[in-house]
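# Fold and contact review
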Amino acid sequence: MSDFVLSPEARLDLLNIWEYIAQDNIDAADRVAGEIRNAMAALAQNPGIGHYRKDLADEPLRFWRVYTYLIIYRFESKPIEIVRVLSAYRDIRKLLD
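Described in the following lines is the structure provided in the data block.

Thresholds applied
- Residues numbered from 1 in each chain as written.
- Predicted model: local features only at pLDDT ≥ 70, side-chain atom pairs only at ≥ 80, totals over all residues.
- Heavy atoms only, no water.
- Helix = DSSP H or I, 4+ residues; strand = E, 2+ residues; numbered from the N terminus.
- Expected span 1.5 Å × (residues − 1).
- Buried < 20%, exposed > 50% of the residue type's maximum accessible area, 1.4 Å probe, protein only.
- Arc of directions from axis to C-beta.
- Pairing = 2+ DSSP bridges.
- Phe/Tyr/Trp six-rings, centres within 6.5 Å; stacked < 30°, edge-to-face > 60°.
- Lys NZ or Arg CZ within 6 Å of the ring centre and 35° of its normal.

## A few points about helix α1 (residues 8-22)
- The terminal C-alpha atoms of α1 lie 21 Å apart, and with 15 residues this matches the ideal 21 Å at 1.5 Å per residue to within 8%.
- Of the residues making up α1, those classed as buried are Ala10, Asp13, Leu14, Ile17, Ile21 and Ala22. Take α1 and look down its axis: the buried residues cluster within an arc of 160°, on one side only. In α1, the exposed positions angled more than 90 degrees off the buried face are occupied by Pro8, Arg11 and Tyr20.

## Some remarks on the pairing of strand β5 (residues 80-87)
- In terms of burial, β5 is largely enclosed, as 7 of its 8 residues are buried.
- Bridging between strand β4 (residues 69-74) and β5 involves 6 bridges; their strand directions are antiparallel. Bridging from a neighbouring strand, Tyr73 pairs with Ile82 of β5.

## Structural notes on unusual backbone geometry
- Even without being glycine, Tyr67 reaches a positive phi, approximately 55°.
- Along the chain, Tyr67 turns up in the loop between β3 (62-66) and β4.

## Considerations on the environment of Asn38
- By secondary structure assignment, the location of Asn38 is in helix α2 (residues 26-45).
- A relative accessible area of 51% places Asn38 in the exposed class.
- Residues Asn38 and Val66 lie 28 residues apart in sequence; the distance between their C-alpha atoms is 9.8 Å.

## Here's the deal with the packing of aromatic side chains
- Evaluated as defined, the whole model comprises 1 aromatic pair.
- Sitting above the plane of the Tyr52 ring, Arg62 keeps its charged end 4.5 Å from the centroid.
- One Lys or Arg, Arg62, reaches over the ring of Phe75 and ends 4.3 Å from the middle of that ring.

Right under this line is the structure:
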């Protein structure tokens with residue numbers, strides 16, 4: 001059983017991240033995807049880590065950074081729900097609305 005669930009948007013985010021990086025380097029895409037997955041597993045084991053960003057989300061979501069990506073998750077749900085995985089360079093507030 002998984003310690004976390006991915007929203008459909010988060011699944012698509014991960015695929016898009018991998019495809020974007022893989023255009024230049026498949027090994028790097030695999031490495032980044034693996035690091036993000038490892039971070040998700042760590043969040044599931046320690047759901048209180050990360051921080052709230054009231055400037056980015058009206059609902060109580062936690063944020064955790066991996067490279068230039070933000071894992072955005074609901075830690076109150078069991079298992080935790082990964083809502084989105086987004087580049088920190090994007091308009092996060094707009095994407096979460």
